[in-house]
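Given next are the chains, with one letter for each unit.
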Amino acid sequence: MRIRTLTRPEGSAAAPEAKNTAAVRPQDTHARRSSRPSRRFRPNGGPGRFALFAAPGLLAYLALVLVPIGMTAGYSLTNKNPFNPPTRWVGLSNLTSLFSDDDFLKALQNTVVITVIVTLVTNAGGLAIALLLDRRGWLYNALRSVFFVPVVLSAVVVSVIWQAILVDDGLLNSMLRQLGVSHPPGWLSDPSLALYTVSWVIAWQGLGFCVVIYLAGLQGIPQELHEAAAIDGCGPMMRFRHVTWPMLAPAVTINTVMSLIGGFKAYDQIQVLTNGGPGPGTTSTLAFQVIQTAFNGNHVGYASAMAVAMLILVATVSVIALGWLQKREVSA
């Protein structure tokens, strides 16, 4: 058998194409590539456009936050009283006087108690409710909305509602009398109960925020971890301790810091529910004392010193708590 080899004629059309391809020089290829438009990202406008978009927010932050803080710090170094001029420079004497002011120390003590109660109740209660609501179904979705409603309400509205419930002849005491309690507690009129009652109201309003954060953390835990722990023989408590709790470290950080800040700046509930009473300074907080000193006593300089001390205290506690909780996140 003969095997014929097929050869392409020299005059065919493919021959010039091969020659042209072979004749392309590296310089021509580089020139063609360089002539194409670059696909690299080039920001339009550069820093100027970024500054243009950021300017409104920065100006608002400067006018509403930084400038008032600077003015308050300046007033704290004077004896400013709008109804008793002239204003004189007193230096740090206002700040040093706070350590011997019984009203300020009592307000500081009340603030610490409220902050501790609010932080513990909102975190413990929020985590427990989040674990119960971490289910699928329309009922659980509706309950999530119900628990979050107090967060979006005004603190004044919440305080007015609870005042109608907790006053001596309010709804709660009326129900207790019907149940046979002849002398129900004075939730807002008893000096030994008023501070804890106000703390409960503040914690109740902030509970929904913690529930939402913990729910987000629970839903972000991979289901495979729970399944692997169950296969290894871990019960519900062991799975919570070794899987759920470590994975919730970021949520614990957020809720703890926000609860601390919320407890330290409590004012609206105090003003509506007790007005600092019953009795002298029974439920007075730092924020309440600042407002009373500045607007009722007209001692703007001294009230500014209180505000500066409050700012330093809140910032210090928040930084310490944030640093400790972030270390826990890493170790978890």
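Above this text you will find the structure in question.
Residues numbered from 1 in each chain as written. Predicted model: local features only at pLDDT ≥ 70, side-chain atom pairs only at ≥ 80, totals over all residues. Heavy atoms only, no water.

Visitor: Is there a simple way to explain the overall build of the chain in this structure?
Guide: Each helix and strand counted, the chain has 15 helices and 0 strands in total. Residue burial in the chain is summarised as follows: out of 332 residues, 30% are buried. Residue pairs at least 24 apart in sequence account for 67% of intrachain contacts in the chain once pairs closer than 6 positions are excluded. When the accessible area of the chain is evaluated, it comes to approximately 21400 Å², of which 65% is carbon and sulfur surface. (Helix = DSSP H or I, 4+ residues; strand = E, 2+ residues; numbered from the N terminus. Buried < 20%, exposed > 50% of the residue type's maximum accessible area, 1.4 Å probe, protein only. Contact = heavy atoms within 4.5 Å. Areas by Shrake-Rupley, 256 points an atom, 1.4 Å probe, with all protein chains shown as cover.)

Visitor: Honestly, the packing of aromatic side chains in this entry has me stumped. Any pointers?
Guide: How two aromatic rings sit relative to each other is set out by the distance from centre to centre and by the angle between their planes. Enumeration over the complete set of coordinates arrives at 4 aromatic pairs. An angle of 85° between the planes, with centres 6.3 Å apart, marks the rings of tryptophan 162 and tryptophan 200 as edge-to-face. Of the two residues, tryptophan 162 is situated in helix 7 (residues 155–166) and tryptophan 200 in helix 9 (residues 194–219); the sequence distance between them amounts to 38 residues. Judged by centre distance (5.4 Å) and plane angle (75°), the ring pair of tryptophan 162 and tryptophan 204 falls under edge-to-face. With tryptophan 162 in helix 7 and tryptophan 204 in helix 9, this pair connects stretches of sequence that are 42 residues apart. (Phe/Tyr/Trp six-rings, centres within 6.5 Å; stacked < 30°, edge-to-face > 60°.)

Visitor: Can you walk me through the nonpolar core in this structure?
Guide: It is characteristic of soluble globular proteins that their nonpolar side chains tend to be buried jointly. Membership of the largest hydrophobic core comes to 18 residues, with the highest contact counts inside it found for Val211, Tyr214 and Leu248. Among the elements of the structure, helix 5 (102–133), helix 9 and helix 12 (249–264) are those that each provide at least two residues to this core. In terms of residue count, the dominant contributor to this core is helix 9 (6 residues). Leucine 248 has contacts with Leu127, Tyr214, Gly217 and Leu218, leaving out every residue within four places of it along the chain. Core analysis: the second largest hydrophobic core is formed by 15 residues, Ile114, Val158, Leu195 and Ala203 among them. (Core = buried A, V, L, I, M, F, W, Y, C linked by side-chain atoms within 4.5 Å.)

Visitor: I tried to follow the packing of helix 7 against helix 9 on my own but got confused; where do I start?
Guide: Two quantities define a packed helix pair, namely the angle between the helix axes and the distance between the axes. Helix 9 packs onto helix 7 with a crossing angle of 130° between their chain directions and a minimal axis gap of 11 Å. It follows that helix 7 is oblique to helix 9 by the angle criterion. Read as a crossing pair, helix 7 and helix 9 show a hand that is right-handed. Residues Ala155, Val158, Trp162 and Leu166 of helix 7 touch helix 9, and the partners they reach there are Thr197, Trp200, Val201, Trp204 and Gln205. For the contact of helix 7 with helix 9, a count of residues per class yields 7 nonpolar, 2 polar and no charged. (Axes fitted to C-alpha atoms, helices over the stretch in contact; angles between N-to-C directions. Parallel < 35°, antiparallel > 145°, perpendicular 65-115°, else oblique. Left-handed = near helix turned anticlockwise from the far one by under 90°. Nonpolar A, V, L, I, M, F, W, Y, C, P; charged D, E, K, R; others polar.)

Visitor: Explanation requested: unusual backbone geometry in the structure shown.
Guide: Phi is mostly negative for residues that are not glycine, and the peptide bonds are mostly trans. For the bond running from proline 85 to proline 86, omega is 0°, close enough to zero to count as cis. Relative to the elements of secondary structure, proline 86 occurs in the loop between helix 3 (47–75) and helix 4 (93–97). One non-glycine residue, asparagine 275, lies in the positive phi region at around 55°. Tracing the backbone through its elements, the reader meets asparagine 275 in the loop between helix 13 (268–273) and helix 14 (286–296). Even without being glycine, asparagine 298 reaches a positive phi, approximately 65°. Looking at the element boundaries, asparagine 298 is found in the loop between helix 14 and helix 15 (300–331). Classification of asparagine 298 by relative accessible area gives partly exposed; the value is 22%.

Visitor: Is there a simple way to think about the environment of valine 314 in this case?
Guide: Checked against the element boundaries, valine 314 lands in helix 15. Separated by 52 residues in sequence, valine 314 and glycine 262 have C-alpha atoms that sit 10.0 Å apart. The residues contacting valine 314, other than those within four sequence positions of it, are Ile261 and Phe264.

Visitor: Any chance you could explain the environment of valine 272 here in plain terms?
Guide: Positionally, valine 272 belongs in helix 13. Taking the relative accessible area as the measure of exposure, valine 272 reaches 22% and is therefore partly exposed. The contacts of valine 272, once residues within four sequence positions are left out, are Val156, Ser159, Val160 and Gln163.

Visitor: Just checking my understanding: could you explain the side chain of asparagine 255 for this structure?
Guide: Structurally, the position occupied by asparagine 255 is in helix 12. When its relative accessible area of 0% is taken as the criterion, asparagine 255 is described as buried. Leave out the neighbours within four places in its chain, and asparagine 255 touches Asn123, Phe209, Cys210, Ile213 and Tyr214.

Visitor: Mind showing me how you'd approach a nonpolar patch on the surface here?
Guide: On the surface, Phe148, Val149, Val152, Leu153, Val157, Ile161 and Val212 cluster together to form a nonpolar patch covering roughly 540 Å² of accessible area. Listed by contribution, the elements that provide at least two residues to the nonpolar patch are helix 6 (138–152) and helix 7. Among the elements that take part in the nonpolar patch, helix 6 stands out by supplying 3 residues, more than any other. Within the secondary structure, valine 149 sits in helix 6. (Patch = residues over 30% accessible without salt bridge, like charges linked within 9 Å, V, L, I, M, F, W, Y side chains within 5 Å. Salt bridge = Lys/Arg side-chain N within 4 Å of Asp/Glu carboxyl O.)

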